[in-house]
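Each chain, written out:
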Amino acid sequence: MRKLSEKSIIILFLIILIFPATGLFLVISKKTSISSGQHSELLKVEVAQRGTDPSDIWRTSIPALNSTKPGSGELVGIVYSGILENYASKIVLNWSLELEIEEDCYLNNCWNGSVEILQHNGRHFVKQKFMSFKSINPRDMKIDYIFSRQKNLLIPLKKGDKVIYYSDKIVSAHIKGFNPSDEFGFIFYTPENADPLEFNNWKLNYEYKDAIFYEPSFYVFSVMLLIWAIFFIFIIRVRSLKASKERDRFHDQQTIEQIMKILSNFIDAKDAYTGGHAERVGLYSKMIAEVLGKSETVARTVYYCGLLHDCGKIAIPDEILKKPERLTDEEFGIIKTHTTKGFTLLNTLSSIPEAGEVARFHHERWDGRGYPYGLKGKDIPEFARIVCLADSFDTMNSNRYYRNALKKDQIIEELKKARGTQFDPQIVDAFLSLIDKGIIIFKNN
């Protein structure tokens, strides 16, 4: 399965974060109501005449009407203001106020919301739904209405009729020192000598949601959510940096490997018969390290050491290195110097300090009869012991100037014979296990 990218993980995190955050606010609302005969300490409603300022009072007259309409003659229009105050830590929404008309009158206007009119025609109520005085078209009205001389819309209401006001606002929750409210208003016309209207019978229908951002638990949850978010982003950032470092490390590793292969090819180019020898020794060495239980990093380092083990041969004259006849003692002495010359070349390779040691000691023997220093047993660095066997095997398994590659049985016999003399016994056993598994390929079976 393909791993998610950093961008995909962040998007997924934001989606996951939105759900609990949204869930905090989208609490299922609860519908309820209170009536004028009930007492509530959470919500208070009042509708009354706004004042006696002359600018709030209008006069008009209408013609005589039949007995089914409120009284005719001179009418006085008065502003009645309403207010809903919220004292609870809950949000009030979708609220409506149902007012029962107690005296004959005319409704002329309403603001900050819309109204529904219920006129009783003697048998049942006739309903006019959601009427806004800003956009009402009298031709669409189902209830009775009349125009005054000033072209104002007058809706006749009799005792027992109802006006239901629907607010278009949400009343926020109570905050210490601040009581949210929603104001609205009406203009009612009544006969000139009538007393101002009173609205003693009403019913408030509303929905509310818990305003959890006023609760201590909300802040605890918010802090925890914030900490989780910071931690999550921190983890993503660490992963990003780690991935970036891994990419850089992989790139550096590829670069080093390519340079080493080029260098090993230069070495092999000095002898056509040994072409690819360094690469094969590196691979065999890596396989042995893995069988011995080494980590991937260590096994890779052994591979690099195998690639470079013969780099000192660059300093050996071709006429000696490629000589098909038997070498003289003096010439063989020169050949031996490729170990120390290789160490000199690789000693400054700080990224792989083991490479210089392997170049210097890969011809040492377990029994102490190797060169250049005659080291014995575990005094020989382990990487050098591994490369020593890999180097010897590839030599036996390759064609040379003086002979063809040995047969499989011959090579196995030589390895077993040299176990504990030329080679570390544990390393021989590891390599023989690779042969038993069929991982090692022989040129001459």
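Since the structure is predicted, the reported quantities are computational estimates derived from the model, not experimental observations. (Residues numbered from 1 in each chain as written. Predicted model: local features only at pLDDT ≥ 70, side-chain atom pairs only at ≥ 80, totals over all residues. Heavy atoms only, no water.)

Tallying secondary structure elements over the protein gives 11 helices and 13 strands in all. Here the protein holds 445 residues, and the buried ones make up 39% of them. Expressed as a percentage of contacts within the protein between residues at least 6 apart in sequence, the contacts between residues at least 24 apart total 72%. Surface accessibility of the protein: about 25500 Å² in total, with carbon and sulfur atoms responsible for 54%. (Helix = DSSP H or I, 4+ residues; strand = E, 2+ residues; numbered from the N terminus. Buried < 20%, exposed > 50% of the residue type's maximum accessible area, 1.4 Å probe, protein only. Contact = heavy atoms within 4.5 Å. Areas by Shrake-Rupley, 256 points an atom, 1.4 Å probe, with all protein chains shown as cover.)

The next point concerns the environment of Ile 136. Structurally, Ile 136 is set in the loop between strand E8 (125-131) and strand E9 (146-147). Distance from Ile 136 to Leu 153, taken between C-alpha atoms, is 9.5 Å for residues 17 residues apart in sequence. For Ile 136, the contacting residues outside a window of four places in its chain are Met 131, Met 141 and Leu 153.

For helix H9 (residues 382-396), with 15 residues, the first-to-last C-alpha span of 22 Å sits near the 21 Å given by 1.5 Å per residue. With 13 of 15 residues buried, H9 lies mostly within the body of the structure. (Expected span 1.5 Å × (residues − 1).)

The next point concerns the nonpolar core. Most often, soluble globular proteins keep nonpolar side chains buried together rather than apart. Counting 39 residues, the largest nonpolar core has Ile 288, Leu 389, Leu 415, Phe 431, Ile 435 and Ile 440 as its most contacted members. At the level of secondary structure, the elements contributing two or more residues to this core comprise helix H3 (277-291), helix H4 (296-308), helix H8 (354-361), H9, helix H10 (408-417) and helix H11 (425-436). It is H9 that provides the largest number of residues to this core, a total of eight residues. In contact with Leu 389, other than residues within four places in its own chain, are Ile 288, Leu 415, Phe 423, Ile 427, Val 428 and Phe 431. Counting 37 residues, the second-largest nonpolar core is a separate cluster that includes Leu 43, Leu 84, Trp 95 and Tyr 165. (Core = buried A, V, L, I, M, F, W, Y, C linked by side-chain atoms within 4.5 Å.)

Once that is clear, we can look at the environment of His 362. Considering the arrangement of structural elements, one finds His 362 in the loop between H8 and H9. Considering only alpha carbons, one finds His 362 and Cys 388, 26 residues apart in sequence, at a separation of 4.8 Å. Looking at His 362, its side chain comes within polar contact range of the main-chain oxygen of Ala 359, at 3.1 Å. Polar side-chain contacts of His 362 include one of 3.2 Å to the side chain of His 363. (Polar contact = N/O pair within 3.5 Å; in protein donor to acceptor, adjacent residues only side chain to side chain.)

Below, the discussion takes up the packing of aromatic side chains. According to the stated counting rule, one finds 17 aromatic pairs in the structure shown. A ring pair is formed by Phe 188 and Phe 199, whose centres lie 5.5 Å apart and whose planes are at 40°; its orientation type is tilted. Of this pair, Phe 188 sits in strand E12 (residues 181-191) while Phe 199 sits in the loop between E12 and strand E13 (202-210), and the two are 11 residues apart along the sequence. When sorted by exposure, Phe 188 lands in the same class as Phe 199, which is buried. Here Phe 393 and Phe 442 contribute two aromatic rings whose centre-to-centre distance is 5.6 Å and whose plane-to-plane angle is 85°, an arrangement assigned as edge-to-face. Taken together, the residues span a long stretch of sequence, with Phe 393 in helix H9 and Phe 442 in the segment after H11 at a distance of 49 residues. (Phe/Tyr/Trp six-rings, centres within 6.5 Å; stacked < 30°, edge-to-face > 60°.)

What follows deals with a negative patch on the surface. Together, Glu 103, Asp 104, Asp 195 and Glu 198 give the surface a local cluster of negative charge. Mapped onto the elements of the fold, Glu 198 is located in the loop between E12 and E13. Among the residues examined, Glu 198 registers a relative accessible area of 53% and is labelled exposed. (Patch = residues over 30% accessible without salt bridge, like charges linked within 9 Å, V, L, I, M, F, W, Y side chains within 5 Å. Salt bridge = Lys/Arg side-chain N within 4 Å of Asp/Glu carboxyl O. Lys, Arg positive; Asp, Glu negative; His and termini not counted. Charge placed at Lys NZ, Arg CZ, Asp CG, Glu CD.)

In short, geometric facts, not functional conclusions.
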